[in-house]
Amino acid sequence: MTDSSPKKDGWNSRIGVILAVAGSAVGIGNFLRFPGQAAEYGGGAFMIAYIIAFLFIGLPICWTEWAMGRFGGKHGFNTAPGIFNVFSGRSSVPKYFGVIALVIPIIIYMYYVYIESWCLGYAANFLAGNMSFENVSEAGAFFAKFTGIAKDGSSLAFGFDQVGGYLIIVFIINFFLIFRGLSKGIELFCKFAMPTLLLLAFVILIRVLTLGTPDASKPENNVYNGLGFMWNPTKYYVEESVTQDDGATEWVVQEELVGAASIALAQEKAAGSETVRVMKKGVGEQLLNPQLWLAAAGQIFFSLSVGFGIILTYASYLKKDSDVVLSGLTATSTNEFCEVGLGGLITLPAAVAFLGVAGLAGVGTGTFSLGFNVLPMVFSEMPGGSIFGFLFFFLLFLAAVTSSLSMLQPGIAFLEEALTLNRKQSVAILGVITSMGTLFVVYFSESLKALDTLDFWVGTFLIFVLATFQIILFGWVWGTKAGLEEAAHGASISIPRFFAFIIKYVTPLFLLVVFALFILYNVLGISGGSMSSYITDLIGENPNKVAWMSVSLIVLMGGFFTLMISGVERYREFKKKMGGGA
C-alpha cells in the first residue's frame, strides 16, 4: 500500500542523483583525512583493513540505505523518522531512532561549513599571492590567525586573511542552493561541481607526480618516497633505547624509513650501536592493531556518508522503478576513486617531496595540520605554487559544498514532512537553527574545542549507533529477502546472493565489534591507561565548559526533534492504515 500524495521535489535525471550522492560523500576527508589516516596506520596494511571495511560495512549499508529510502519514498516519506516508521510494524520506537539521522547531518553542517570557509579563504589568499611561507611554523601562524584558534571569539573577524567574511559567503551559497531544491539546486550544482572537481584533481595530480626530487641536495625527499610512505605494506622504523625515571629502558620510535637507500644507511649506522636499531613491521603485525581497524571503519563512514541519514533522504525522492543497485555502486565507486585514486596520490607524496618523511612526521598527518599547515608551505615551494595552491583549495571548497548541501536536505525534508511547511519556510527555520549553531562553533574557536567535541560525539559516536541500527532494521526487521527483492526492482544488476548473509550476520557483527573497540579505546581510553579526554572533559575533576555546552547542544537538538516526531499525525495515520499501533 502506498501513499499517493505528490512529492514536493524530485530528481531530474539518474546521473543527477548519482552525482549528488557521490558529491555528498566526496569532501575534505577524501583529500586530507584519508591520506593522513593511511600514513598513520601503515599505508598498505591500512588499505587491507579499509577494503575489508568497505566490502563488509560501507557497500552493504549503502545498498540498504538506497533500498530503504526508495521504499519509504513510495509511501510518501522522505526522512529517516518516516522511513523507519514504515518498517517498524506495531512499534513506534524505530521512528525515534530517526532523530539521530536528523541530528547528525545538521550538527555536522554547523562545523563543516566553518571548515568549508577555510578552504574558500585559503583559495582566495593563494590567488592574491598572500600565501608565501618559509616554513611550516609560518603556515601554522597564518592558520591560527585565520581560524582564531588562539582565543575564543577571535575568529569573528572580517579581514581578507580572516575567516568571518568567507563564512558569510559560504553560508549564503549553501542556503541559496538548498532553497532552489533538489533538481534546480543540489542536482544542478553537483552536475557542474563534480566534473570540475575531477578536472582540478587531475591537473594537480599530474603536477604532483611530475615533481620528482625538488631539492637535489636531499635525494631522499622525492615523490616516489612519498608514494612509498603512503602505500608500502611493510614498514621500517628507527628505534632508540630510552632510560625511564625508574631505571627501566624502553625502545621508542624515532622515525619511519622510506626508500632502500635510507633503510640501508640506517641499518649500517645501527649495526655498531646498542641503543639504536632498525625494526621491520610486517602487514600481519600491523593488522593486529585494533586502532587500525577503528580508523579504517571510521574512514569508511566519514567518506561514504553512510550512517548519516543523507542517502535515505536522497533515495526517497527516486521514482519507484529507479535503479538503486547500480546507482549505489556507481556513487560509492566515484567516491572511492576520488579518495584512493586521487587524494591518496596527491597529498602526502607532495608533502614528502618537499619536507621529507622526518619533516612531515614532525608536524603530523592530521586533517588540519596536513591540509592547512603543511600543504600551504609545500605549494609555496612549488613552481607556480600560487596557482596550484588556489586550484587545490578551490577543489576542496567545491568538494565541501557538495557535502554540506547534502547535510541540509534531511532537515529541510523533515520540516516539510512533519510541519507541512513550504520550501521557503523550512529553509528559513533551518537557516536560523544552523546559523546559531555555527556561531557557537565559530565563537568557541580556541583550540577548536567546540568543533572537535561535536565531531567526536556526532561525527563518530552517533554515526556508529545509527549505522548499526539501520543494518539491524534492514536485515532482522524488514528481512534481507524482502529488502533485497525491493532493491532488485528496476535494477540493471543484481546484488550478489552472498550479500544477504553479509547484511544479516557479518555487517552487524563487524559493526558491534568495531563499536565495542571504539568505546574501549577511543572513549574509555584503555590503550593509554586513562579515560579519553572526551569523557574527562565532561565528568573529570576539571570539566570543560565548552565541551559541556557542545554536548548540551546535541542533546537540545535531539530533544527538539523528538518532541516534533511525537506530534506528527502522518506517522500515526500510517500506523493505523497498516494495522499497527500509534
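The shown structure was predicted, so the numbers you read here are calculated from the model rather than taken from an experiment. (Residues numbered from 1 in each chain as written. Predicted model: local features only at pLDDT ≥ 70, side-chain atom pairs only at ≥ 80, totals over all residues. Heavy atoms only, no water.)

Considering the overall build of the protein chain
In step 1: Helix and strand counts for the protein chain come out as 22 helices and 3 strands.
In step 2: Summarising its shape, the C-alpha atoms of the protein chain cover approximately 80 × 55 × 50 Å along the three principal directions.
In step 3: Classification of the 582 residues of the protein chain by burial places 58% in the buried group.
In step 4: Accessible surface, the protein chain: about 22,400 Å² in total, of which carbon and sulfur atoms supply 63%.
In step 5: Taking the average location of the 34 positive side-chain charges in the protein chain and that of its 38 negative ones, the two points are 16 Å from each other. (Helix = DSSP H or I, 4+ residues; strand = E, 2+ residues; numbered from the N terminus. Buried < 20%, exposed > 50% of the residue type's maximum accessible area, 1.4 Å probe, protein only. Areas by Shrake-Rupley, 256 points an atom, 1.4 Å probe, with all protein chains shown as cover. Lys, Arg positive; Asp, Glu negative; His and termini not counted. Charge placed at Lys NZ, Arg CZ, Asp CG, Glu CD.)

Looking at the layout of surface pockets
In step 1: Roughly 1,100 Å³ of volume is contained in the largest pocket.
In step 2: Around the largest pocket, the lining is made up of 46 residues, and of these Arg33, Gln37, Thr367, Asp455 and Thr460 lie nearest the centre.
In step 3: For the lining of the largest pocket, the secondary-structure elements that each account for two or more residues are α1 (14-25), α2 (28-40), α5 (93-127), α12 (290-304), α15 (367-381), α16 (385-419), α18 (449-488) and α19 (498-523).
In step 4: Of the residues that constitute the lining of the largest pocket, the class distribution is 23 nonpolar, 19 polar and 4 charged. (1 Å grid on protein atoms, 1.4 Å probe; cavity = no way out; pocket = protein on both sides within 12 Å on 5 of 7 lines; lining within 4 Å. Points joined across faces, edges and corners; volume = space filled by probe spheres on them. Nonpolar A, V, L, I, M, F, W, Y, C, P; charged D, E, K, R; others polar.)

Some points on the state of the cysteines
In step 1: Applying the stated criterion across every chain yields a total of 0 disulfides.
In step 2: Considering cysteine sulfurs only, Cys338 is the nearest to Cys190, which forms no disulfide, with 12 Å between them.
In step 3: Cys190 sits in the buried class, given a relative accessible area of 1%. (Disulfide = S-S within 2.5 Å.)

Some points on the sheet that holds strand β3 (residues 276-281)
In step 1: What the 3 strands build is an open sheet, ordered β2-β1-β3; its pairing is antiparallel. With one partner strand each, in any of the chains shown, β2 (249-257) and β3 form the two edges of the open sheet. Looking at each pair of strands side by side, their axes are set apart by 35 degrees on average, direction ignored.
In step 2: Relative to β3, strand β1 (residues 235-243) runs antiparallel, the two sharing 6 bridges. Considered in β3, the bridge of Tyr236 is made with Lys280.
In step 3: Here helix α10 (residues 260-271) sits on the sheet and contacts β1, β2 and β3; the angle it forms with β3, its principal contact strand, is near 135 degrees. (Pairing = 2+ DSSP bridges. Axes fitted to C-alpha atoms, helices over the stretch in contact; angles between N-to-C directions. Contact = heavy atoms within 4.5 Å.)

Focus: the side chain of Glu336
In step 1: By the element assignment, Glu336 lies in helix α14 (residues 325-363).
In step 2: Buried within the structure, Glu336 lacks any salt-bridge partner; Arg33 is the closest side chain of opposite charge, at an N-O distance of 11 Å.
In step 3: Those residues within four positions of Glu336 in sequence are excluded, and the remaining contacts are Tyr50, Phe54, Ser303, Leu304 and Gly341. (Salt bridge = Lys/Arg side-chain N within 4 Å of Asp/Glu carboxyl O.)

Remarks on the pattern of salt bridges
In step 1: What the rule picks out here adds up to 10 salt bridges.
In step 2: The residue Lys74 makes a salt bridge to Glu486 at a minimum N-O spacing of 3.0 Å. Taken together, the residues Lys74 in helix α3 (residues 44-74) and Glu486 in helix α18 connect sequence positions 412 residues apart. Take Lys74 and Glu486: they sit in the same class, and that class is buried.

So, the nonpolar core
In step 1: If you look at the biggest cluster of nonpolar residues, it comprises 203 residues, and the most contacted ones within it are Trp66, Trp118 and Phe392.
In step 2: Here this core takes 23 residues from α5, the largest share from any one element.
In step 3: If we ignore the near neighbours within four places in the chain, the residues touching Phe392 are Phe31, Leu32, Ile204, Ile346, Thr347, Leu375 and Phe379. (Core = buried A, V, L, I, M, F, W, Y, C linked by side-chain atoms within 4.5 Å.)

Considerations on the packing of α2 against α3
In step 1: Across the interface, α2 lies against α3 with an axial gap of 7 Å and an inter-helix angle of 120 degrees. If you check the angle between α2 and α3, you find them oblique. Each of Phe34, Gln37 and Ala38 in α2 lies in contact with α3, whose residues at this interface are Phe46, Met47 and Tyr50.
In step 2: Here the contact of α2 with α3 is composed, by residue class, of 5 nonpolar, 1 polar and no charged. (Parallel < 35°, antiparallel > 145°, perpendicular 65-115°, else oblique.)

Focus on the environment of Asn12
In step 1: Note that Asn12 resides in the segment before α1.
In step 2: Sequence-wise, Asn12 and Ile178 are 166 residues apart; in three dimensions their C-alpha atoms are separated by 16 Å.
In step 3: Each residue touching Asn12, except ones within four places of it in the same chain, is listed here: Ser183 and Glu187.

Observations regarding the domain arrangement of the protein chain
Interface size, as often reported, equals the accessible area lost upon joining of the parts.
In step 1: One can read the domain layout of the protein chain as domain 1 (30-216 + 290-577) and domain 2 (235-281).
In step 2: The C-alpha centroid of domain 2 is placed 38 Å from the C-alpha centroid of domain 1.
In step 3: Between domain 1 and domain 2, the residue contacts involve 4 residues of the former and 4 residues of the latter.
In step 4: Summed over both partners, the interface of domain 1 with domain 2 buries about 280 Å², with 67% contributed by carbon and sulfur atoms.
In step 5: For domain 1, the biggest contributors to the area lost against domain 2 are Gly42, Val357 and Ala358; these three give 82% of the whole.
In step 6: Between the two partners, domain 1 and domain 2, sit 0 residue pairs in polar contact (both at pLDDT 80 or more).
In step 7: Taken together, the residues that form the side of domain 1 that touches domain 2 break down as 2 nonpolar, 2 polar and no charged. (Domains from an automatic or database assignment. Buried area = accessible area lost by both parts, 1.4 Å probe. Polar contact = N/O pair within 3.5 Å; in protein donor to acceptor, adjacent residues only side chain to side chain.)

Quick word on unusual backbone geometry
In step 1: Look at Ser305: it is not a glycine, yet its phi comes out positive at around 60 degrees.
In step 2: Mapped onto the elements, Ser305 comes out in the loop between α12 and α13 (310-316).
In step 3: The phi torsion at Ser447 lies on the positive side, around 55 degrees, for a residue other than glycine.
In step 4: Turning to its location among the elements, Ser447 is positioned in the loop between α17 (423-443) and α18.
In step 5: Ser447 gets classed as exposed once you look at its relative accessible area, which sits at 58%.

Topic: the side chain of His75
In step 1: Mapping His75 onto the fold places it in the loop between α3 and α4 (80-86).
In step 2: Engagement of the side chain of His75 in a polar contact is seen with the backbone oxygen of Phe71, the distance being 3.1 Å.

Examining the pairing of β1
Two faces, one strand: in a regular strand the side chains alternate between the faces of the sheet.
In step 1: Inspection of the sheet shows β1 paired to β2 by 8 bridges, in the antiparallel sense. Bridge pairing links Val242 to Glu250 in β2.
In step 2: From the end of β1 to the start of β2, which pair antiparallel, there are 5 residues, and Gly247 there has a positive phi angle of about 95 degrees.

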